[in-house]
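# Secondary and tertiary structure notes
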Amino acid sequence: MDIIEKLTDVLKERKNADPASSYTAKLYSKGIDNILKKIGEEFTEYVIAVKEGEKNHVIYEAADLIFHLYVSLIH
């Protein structure tokens, strides 16, 4: 099983989990509008990181953005 399949399985499991048990379950429980708002926030943080040019920060923010995009796809 590759990493994308594993991530997909975990995100699907978290969709039905107790919101108090995980950050992802909490995101799902708040609905798509909240998830989209979070994507907007993460995108802004990514843009700022790119402009600042610190490679590790760019990678971190890109991963955060991709994670939240993926949560929205599973939703």
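Here the structure is shown first, and the text comes after it.
All residue numbers here refer to positions counted from 1 along the written sequence of the relevant chain. This being a predicted model, a pLDDT of at least 70 is required before a residue's local features are given, and a value of 80 or more before pairs of side-chain atoms are given or counted; all residues contribute to the totals for chains, interfaces and linings. Computation of side-chain values: all heavy atoms of the structure, hydrogens and water removed.

### Examining the environment of Leu65
Worth spelling out the cut-off: Note on conventions: DSSP H or I runs of at least 4 residues are helices, E runs of at least 2 residues are strands, and numbering of each starts at the N terminus. Here a residue-residue contact requires only that any non-hydrogen atoms of the pair lie within 4.5 Å.
With respect to the helices, strands and loops of the structure, Leu65 is situated in helix H4 (residues 55–74). Measuring from C-alpha to C-alpha, the distance between Leu65 and Leu7 comes to 15 Å, with 58 residues separating the pair along the chain. Among residues more than four places away in sequence, those in contact with Leu65 are Ile39, Glu42, Phe43 and Tyr46.

### Remarks on the nonpolar core
Quick reminder of the rule: Residue types Ala, Val, Leu, Ile, Met, Phe, Trp, Tyr and Cys, when buried and joined through side-chain atoms within 4.5 Å, form a set referred to as a nonpolar core. Throughout this description, buried means an accessible area under 20% of the type-specific maximum (1.4 Å probe, protein chains only), exposed means over 50%, and partly exposed covers the range between.
If you look at the biggest cluster of nonpolar residues, it comprises nine residues: Leu11, Leu27, Tyr28, Ile35, Ile39, Leu65, Tyr70, Val71 and Ile74. Elements that contribute at least two residues to this core include exactly helix H2 (23–30), helix H3 (32–52) and H4. With four residues, H4 is the single largest residue contributor to this core. In contact with Tyr28, not counting residues within four places along its chain, are Leu11, Arg14, Lys15, Ile35, Val71, Ile74 and His75.

### Focus: the environment of Tyr28
The condition that has to hold: Pairs of N or O atoms within 3.5 Å make up the polar contacts considered here, provided that, within protein, one atom can donate a hydrogen while the other can accept it, and that residues adjacent in sequence are counted only when both atoms are side-chain atoms.
Within the element layout of this structure, Tyr28 appears in helix H2. Here Tyr28 falls in the buried class, since its relative accessible area comes to 6%. The spatial distance from the C-alpha of Tyr28 to the C-alpha of Asn16 is 8.5 Å, given a sequence separation of 12 residues. Here the side chain of Tyr28 touches Leu11 through a polar contact of 3.5 Å, landing on its backbone oxygen.

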